[in-house]
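Each chain is listed here by its residues.
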Amino acid sequence: MKKILLLLIFIVTLSACTPPPKAEDIYSQTSGVIEKIENGKITVNTENERIEIVYNDAKASDTGKNITIDYKNGEIENINIYGVPFESEAEEIIEEMTLEEKVGQLFLVRYPHSGAEDIAKNYNIGGFVLFARDFENETPESILEEISLCQQASKYPMLMAVDEEGGIVVRVSKFSQFREKPFPSPSYLYEEGGFDAITNDTYEKCNLLKSIGINVNLAPVADVSTDKRDYIYNRTTGLDAEGTSEYIKTVVSVMKEEKTGSVLKHFPGYGNNTDTHTGIAVDKRDYNSFLSSDFLPFIAGIESGADSILVSHNIVESIDSERPASLSPKAHDILRNVLGFNGVVMTDDLDMSAITQYTDSEGAAIDAIKAGNDMVICSDYKTQINAVINAVNSGEISEKTINKAVQRVIIWKLKLDLI
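Rules used throughout
- Residues numbered from 1 in each chain as written.
- Predicted model: local features only at pLDDT ≥ 70, side-chain atom pairs only at ≥ 80, totals over all residues.
- Heavy atoms only, no water.
- Pairing = 2+ DSSP bridges.
- Helix = DSSP H or I, 4+ residues; strand = E, 2+ residues; numbered from the N terminus.
- Contact = heavy atoms within 4.5 Å.
- Axes fitted to C-alpha atoms, helices over the stretch in contact; angles between N-to-C directions.
- Core = buried A, V, L, I, M, F, W, Y, C linked by side-chain atoms within 4.5 Å.
- Buried < 20%, exposed > 50% of the residue type's maximum accessible area, 1.4 Å probe, protein only.
- Disulfide = S-S within 2.5 Å.
- Phe/Tyr/Trp six-rings, centres within 6.5 Å; stacked < 30°, edge-to-face > 60°.
- Lys NZ or Arg CZ within 6 Å of the ring centre and 35° of its normal.
- Salt bridge = Lys/Arg side-chain N within 4 Å of Asp/Glu carboxyl O.
- pLDDT = per-residue confidence, 0-100.
- Parallel < 35°, antiparallel > 145°, perpendicular 65-115°, else oblique.
- Left-handed = near helix turned anticlockwise from the far one by under 90°.
- Expected span 1.5 Å × (residues − 1).
- Bend = angle between axes of the 7 residues up to and from the residue.
- Right-handed = clockwise from strand over helix to strand, strands pointing away.

Undergrad: Lay out the sheet that holds strand β14 (residues 344-347) in plain terms, naming residues and giving numbers.
TA: Read across the open sheet, the eight strands follow the order β14-β12-β10-β9-β8-β7-β6-β15; overall the sheet is parallel. A single partner strand is all that each edge strand has here, and the edge strands are β14 and β15 (376-378). Sheet topology note: the strand β9 (residues 216-217)/strand β10 (residues 261-267) ladder contains two bridges and is parallel. What sits directly across from Asn217, in β10, is Ser262. Strands β8 (159-162), β9, β10, β12 (308-311) and β14 of the sheet are contacted by helix α13 (residues 399-415), whose axis makes an angle of about 110 degrees with β14.

Undergrad: Requested: an account of the side chain of His332, with residues and values cited.
TA: Assignment of secondary structure puts His332 in helix α9 (residues 329-338). Setting aside anything within four residues of it in sequence, one finds His332 in contact with Val311, Ala325, Ser326, Val345, Ala371, Gly372 and Asn373.

Undergrad: I'd like a rundown of the nonpolar core, residues and numbers included.
TA: Formed by 74 residues in total, the largest nonpolar core has its most connected members in Phe107, Phe128, Leu130 and Phe135. The element contributing the most residues to this core is α13, with eight residues. Those residues in contact with Phe107 that sit more than four places away from it in its chain are Ile125, Gly126, Gly127, Ala365, Met375, Val376, Cys378, Gln384, Ile385 and Val388. Leu189, Cys206, Phe290 and Ile319 belong to the second-largest nonpolar core, a separate cluster that totals 27 residues.

Undergrad: Which residues make up the state of the cysteines, and what values do they have?
TA: A complete count under the given rule lists zero disulfides for this structure. Residue Cys150 stays outside any disulfide, its sulfur separated by 16 Å from that of Cys378, the closest cysteine. Exposure remark for Cys150: the relative accessible area of 1% places this residue in the buried category.

Undergrad: Describe in detail the packing of aromatic side chains, supporting the description with residues and values.
TA: Under the criterion given, the structure shown has nine aromatic pairs. Residues Tyr231 and Tyr270 carry aromatic rings whose centres are separated by 5.6 Å and whose planes lie at 45 degrees to one another, so their mutual orientation is tilted. Separated by 39 residues along the polypeptide, Tyr231 in the loop between β9 and α7 (241-257) and Tyr270 in the loop between β10 and β11 (282-283) bring together distant segments of the chain. Summarising the aromatic geometry, the rings of Tyr287 and Phe295 are spaced 6.0 Å apart at their centres and angled 75 degrees between planes, so their arrangement reads as edge-to-face. Over the face of the ring belonging to Phe131 we find Arg110, whose NZ or CZ atom lies 4.2 Å from the ring centre. Across the ring face of Phe183, the terminal group of Lys205 is positioned such that the distance to the ring centre comes to 5.6 Å.

Undergrad: Describe the pattern of salt bridges, and please don't skip the residues or the numbers.
TA: In this structure the tally under the stated criterion is 24 salt bridges. The salt bridge partner of Arg171 is Asp163, with a shortest N-O separation of 3.6 Å. The residue Asp367 makes a salt bridge to Arg323 at a minimum N-O spacing of 3.7 Å. Taken together, the positions of Asp367 in helix α11 (residues 361-371) and Arg323 in the loop between β13 (315-316) and α9 put the pair 44 residues apart, joining distant regions of the chain. Several salt bridges converge on common partners, so that one network encompasses Asp163, Glu165, Arg171, Arg235 and Lys265.

Undergrad: Tell me about the environment of Asn403, and please be specific about residues and values.
TA: Examined against the element boundaries, Asn403 turns out to sit in helix α13. By relative accessible area, Asn403 is classed as partly exposed at 27%. Residues Asn403 and Gly127 lie 276 residues apart in sequence; the distance between their C-alpha atoms is 17 Å. With sequence-adjacent residues up to four places away left out, Asn403 is seen in contact with Ile94 and Lys102.

Undergrad: Please provide a residue-by-residue account of the sheet that holds strand β4 (residues 66-72), values included.
TA: With antiparallel pairing, the five strands of this open sheet are ordered in space as β3-β2-β1-β4-β5. At either margin of the open sheet sits one strand with a lone partner, and together these are β3 (50-54) and β5 (75-82). Pairwise comparison of adjacent strand axes, ignoring direction, gives a mean angle of 40 degrees for this sheet. The sheet contact formed by strand β2 (residues 41-46) and β3 spans five bridges and is antiparallel. Following the sheet pairing, Thr43 is matched in β3 by Glu52.

Undergrad: For the confidence of the model for the protein chain, give the residues involved together with the corresponding values.
TA: Interpretation of the predicted coordinates at a detailed level should be avoided for regions scoring low in pLDDT. Mean pLDDT over the protein chain works out to 89, with 91% of the residues at or above the 70 mark. Every residue in residues 1-12 scores below 50 in pLDDT, and together they form zero contacts with partners more than four places removed in sequence or on other chains.

Undergrad: Describe the packing of helix α6 (residues 186-211) against α7, and please don't skip the residues or the numbers.
TA: Interaxial distance between α6 and α7 falls to 7 Å at its minimum, and their mutual angle equals 20 degrees. Taken together, the axis directions place α6 and α7 in an arrangement best described as roughly parallel. Relative to α7, the crossing made by α6 is right-handed. Together, Pro186, Phe195, Ile198, Thr199, Thr202, Tyr203 and Cys206 of α6 and Gly243, Glu246, Tyr247, Thr250, Val251, Val254, Met255 and Glu257 of α7 make up the contact between the two elements.

Undergrad: Provide a residue-level description of α6, including the pertinent values.
TA: Between its first and last C-alpha, α6 extends only 22 Å over 26 residues, short of the 38 Å set by a 1.5 Å rise per residue. Its maximal kink placed at Gly193, α6 deviates by approximately 125 degrees. Listed in full, the buried residues belonging to α6 are Pro186, Ser187, Leu189, Gly194, Ile198, Asp201, Thr202, Lys205, Cys206, Leu208 and Leu209. For α6, the secondary structure elements touched by its buried residues are β8, β9 and α7. Trailing α6 by a residue or two, Gly213 shows a phi angle of about 90 degrees, which is positive.

Undergrad: Can you tell me about the pairing of strand β7 (residues 127-130), naming the residues and giving the values?
TA: Of the two faces of β7, the one carrying Gly127 and Val129 and the one carrying Phe128 and Leu130 are both buried. Strand direction decides the pairing type here: strand β6 (residues 107-110) and β7, joined by three bridges, are parallel. Paired with Arg110 across the bridge in β7 is Val129. The handedness of the β6 to β7 crossover, carried by helix α4 (residues 116-123), is right-handed. Bridge count between β7 and β8: four bridges; the pairing is parallel. When the bridges of β8 are listed, Gly127 appears paired with Leu159. Regarding topology, helix α5 (residues 140-153) serves as the crossover connection from β7 to the parallel β8, and that connection is right-handed.

Structure below.
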């Protein structure tokens, strides 16, 4: 009896020490599209709902990309962000376009004195660039009405752009009916209030521009200039590469939040060159100076989700001694494959003297697309659009090249909620 009792005690003790059977792990997955990234949080649109997760490794440029979230027992185990933002949606739109419509999308045309609605309707252009003359005798209400009529006339929503840098380059705030005083320069803002002042200024710019129908600001200036004798100095922060990079990061982040298109300029970095509005400028600096300084603000902008980069007309000998950067495949290869930019690349205005002294109007547009630009800023749109169409039909430019450029333009419009 005693042995039986001891055996029962042993069995009970053994049972108490044996852990209960382990429940099987439960795995699940959620897929969707990234709608917003802010303060380390991602807002995801799934098929059935909108969810928010904490993920500090996401970049602003991930907005619009696909995402899958793997869960283990209700906790996030893995996050995968992939794909080009809005790529599939853009492809569907492009499939319905004619060649003429696709080529038209690659042109950002100077706003005309008259007939803007007809241009928008008949040439399917990517958008207009407005200058000071276009605002001088207008009011916020009248310019908004003009732009709205153009948008209604166009088959595809257009980019409406201005150069509202602040300081010596202001197109809208130059006139008191739009703002009591012109927006100050980046260097003045930084001296007065640091990056907080720059942040507040960027919010105000975005709000003003959006209120009158402008959806792209051809800014910020990413050029590094610390020498007051430089032509470009007054349009910069006056800070070194590190300070300029922080400026670019600050401005681009706000513009992305406000869904105002940003354009970094003037790649590969203006340096101490002369004014390309009036003639050809030749940059003789060695390539290492670009790697260690000029490229850094552009890299900061790319990492912050900049929409577009504008390429200057400077001939940079260490990159391409024969062609202006805007028409140089070598310069565009650096932008794509060294800096890793996959957004819209555009030329500076092809009607500037640095280009008109280099080649004719037709040749400039064809060379610009062949070099790797997605958009061309111009005034002579009729000649240049037809030149590119003819170049595609003759085989000089492949339609695949056109399709890739149009895809980037359409993706930009999708990001800005224009389409």
